[in-house]
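Residues per chain, in single letters:
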Amino acid sequence: GTLVTSQSTLDATKLSGNLPALNGSALTNISGGKLLKYYYWEMTNEFSTNSTSYVDVTNASYDFTPSAAGSKIWLLFTPMVAAEDQVQTADGFMAIRSGSTTLFETKHWNYTFSGNTWRSSYTFNHPIQYIDTPTYTLGNSINYKLSLKKDNSEMRVNYNGQGKSNFLIWEIAA
């Protein structure tokens with residue numbers, strides 16, 4: 001065998017068999033991309049809006065405080081969304097926002113024929129994600145939230161207890 005010290009190097013081709021698990025927290029010479037911190041939460045309450053302007057969804061926001069300067073923030077929001085109306089096109093918009101700034105917007109759309117009776121589109125998860133490169137002072141928090149607005153339809157989250165929405169925020173080292 002070969003004795004390996006902190007002063008020696010080991011050719012990776014010499015490694016074989018089962019290697020022990022590593023704790024990556026002490027790794028050095030990594031320029032970025034390391035997960036520094038994360039926060040996960042679930043929303044189980046129902047929410048709906050008929051507004052044509054963005055409305056913040058209750059229990060779908062978080063004040064995230066980065067642990068290092070210059071980090072990127074990866075947001076993955078997976079709301080359980082439904083659109084409801086008396087028209088054939090049920091649609092509205094979802095957005096990830098920080099304060100009043102819209103970071104990412106997407107349309108939720110459903111088309112079904114139902115005549116003049118109220119009907120709902122199926123509630124389904126609608127994952128949206130965004131990588132933010134915010135400007136911030138270390139120690140200050142950044143508010144991230146899900147907001148909805150209607151286009152032709154009332155927008156709902158967790159409608160009739162169908163599923164639960166979840167949200168994940170990762171801080172990635174610069």
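Residues numbered from 1 in each chain as written. Predicted model: local features only at pLDDT ≥ 70, side-chain atom pairs only at ≥ 80, totals over all residues. Heavy atoms only, no water.

**Q** Looking at this model, I keep getting lost on the nonpolar core. Mind explaining?
**A** Where a protein is soluble and globular, its nonpolar side chains tend to be buried together. Counting residues in each nonpolar core, the largest one holds 24 residues, and the members touching the most others are Val-57, Leu-75, Phe-77, Tyr-144, Leu-146 and Ile-169. Those elements giving two or more residues to this core turn out to be β1 (35-43), β3 (55-64), β4 (72-78), β5 (80-85), β6 (89-98), β11 (142-150), β12 (154-157) and β13 (165-172). With four residues, the single largest contributor to this core is β11. (Core = buried A, V, L, I, M, F, W, Y, C linked by side-chain atoms within 4.5 Å. Buried < 20%, exposed > 50% of the residue type's maximum accessible area, 1.4 Å probe, protein only. Helix = DSSP H or I, 4+ residues; strand = E, 2+ residues; numbered from the N terminus.)

**Q** Is there a simple way to explain the side chain of Thr-78 in this structure?
**A** Among the structural elements, Thr-78 can be located in strand β4. Classification of Thr-78 as buried rests on a relative accessible area of 10%. What Thr-78 contacts, discounting residues up to four positions off in sequence, is Asn-125, His-126, Pro-127, Ser-165 and Asn-166. (Contact = heavy atoms within 4.5 Å.)

**Q** Where do I start with unusual backbone geometry in this structure?
**A** What you tend to see is this: most non-glycine residues have negative phi, and most peptide bonds are trans. In this structure, Asn-59 takes a positive phi of about 65 degrees despite not being glycine. Positionally, Asn-59 belongs in strand β3.

**Q** Explain the pattern of salt bridges to me, please; I cannot follow it from the model alone.
**A** Pairing is possible between side chains that carry opposite charge, provided their charged atoms lie close to one another. Counted by the stated rule, this structure contains four salt bridges. Across the salt bridge formed by Glu-42 and Lys-164, the nearest N and O atoms sit 3.2 Å from each other. Placement of Glu-42 in strand β1 and of Lys-164 in the loop between β12 and β13 is noted, with a sequence separation of 122 residues between them. A salt bridge links Arg-97 to Asp-56; its shortest N-O distance comes to 2.8 Å. Remark: Asp-56 occurs in strand β3 and Arg-97 occurs in strand β6; sequence separation between them is 41 residues. (Salt bridge = Lys/Arg side-chain N within 4 Å of Asp/Glu carboxyl O.)

**Q** I would appreciate a short explanation of the packing of aromatic side chains in the present structure.
**A** To describe a pair of aromatic rings, you give the distance between the ring centres and the angle between the ring planes. Applying the stated criterion across every chain, the model contains eight aromatic pairs. Here the aromatic rings of Trp-41 and Phe-167 are separated by 4.9 Å at their centres, their planes lie at 20 degrees, and the arrangement is stacked. You can see Trp-41 sitting in strand β1 and its partner Phe-167 sitting in strand β13, a full 126 residues away along the chain. With respect to burial, Trp-41 and Phe-167 carry one shared label: buried. A centroid spacing of 4.4 Å and a plane angle of 40 degrees characterise the contact between Trp-74 and Trp-170, whose relative ring orientation is tilted. (Phe/Tyr/Trp six-rings, centres within 6.5 Å; stacked < 30°, edge-to-face > 60°.)

**Q** What am I meant to see in the environment of Asn-125 here?
**A** Inspection of the secondary structure assignment puts Asn-125 in strand β9 (residues 124-125). On a C-alpha basis, the gap between Asn-125 and Lys-164 in space is 8.7 Å, while along the polypeptide they are 39 residues apart. Residue contacts for Asn-125: discarding those within four places in its chain leaves Thr-78, Pro-79 and Met-80.

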